[in-house]
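Summary of the model geometry
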Amino acid sequence: MASAAGAVYSGTGWTGDWRENMDGNSNYRNEPPHGSQGDWRADMGEKAKKWLAEQLREKQIPLEVAAAVLDVPLEDICVGSGRLLDSDDFMRICSHYHISLGKINID
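Here is what the cut-offs are and how they apply
- Residues numbered from 1 in each chain as written.
- Predicted model: local features only at pLDDT ≥ 70, side-chain atom pairs only at ≥ 80, totals over all residues.
- Heavy atoms only, no water.
- Core = buried A, V, L, I, M, F, W, Y, C linked by side-chain atoms within 4.5 Å.
- Buried < 20%, exposed > 50% of the residue type's maximum accessible area, 1.4 Å probe, protein only.
- Helix = DSSP H or I, 4+ residues; strand = E, 2+ residues; numbered from the N terminus.
- Contact = heavy atoms within 4.5 Å.
- Salt bridge = Lys/Arg side-chain N within 4 Å of Asp/Glu carboxyl O.

**With respect to the nonpolar core**
Ranked by internal contacts, the top residues of the largest apolar core, which has 18 residues, are Leu-52, Leu-56, Ile-77, Phe-90, Ile-93, Tyr-97 and Ile-99. Put simply, the parts of the chain that give this core at least two residues each are α1 (40-58), α2 (63-70) and α4 (87-96). In contact with Ile-77, not counting residues within four places along its chain, are Lys-49, Leu-63, Ala-67, Val-72, Leu-85 and Ile-93.

Shown next as structure tokens:
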């Protein structure tokens, strides 16, 4: 079943253009949650990078090594760099180094 936005319902959820919801609003995911201040995406990204850096530190894996092995720009992994770590790169690092996402706590 296709929608007007070109997304396809696969039976498990919508696939296709994630930027559009059923009302056709194309930036709803780029807006901060109601009542929040500041750049919530960057704040959450920094918290996730801090958590990832701590997990790698516990496994005695330097950030430089993780970046080089998985061909991820070091600036993207470093906390405070101002760059966002791509979610695919985040997941590849966690998978490669057997870091369980079940214990992530970025509140």
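**Digging into the pattern of salt bridges**
Tallying each qualifying case throughout the model produces 5 salt bridges. One salt bridge in this structure joins Arg-57 and Glu-54, with 3.1 Å as the shortest N-O distance. Separated by 3 residues within a single helix, Arg-57 and Glu-54 lie in helix α1, roughly one turn from each other. Relative accessible area serves as the criterion here: at 54%, Arg-57 is assigned to the exposed category. We note a salt bridge from Asp-89 to Arg-92, for which the minimum N-O separation is 3.1 Å. Of this pair, Asp-89 and Arg-92 are both found in helix α4, 3 residues apart, which corresponds to roughly one turn of the helix. Exposure remark for Asp-89: the relative accessible area of 14% places this residue in the buried category. When salt bridges that share partners are traced, they join Glu-75, Asp-76 and Arg-83 into one network.

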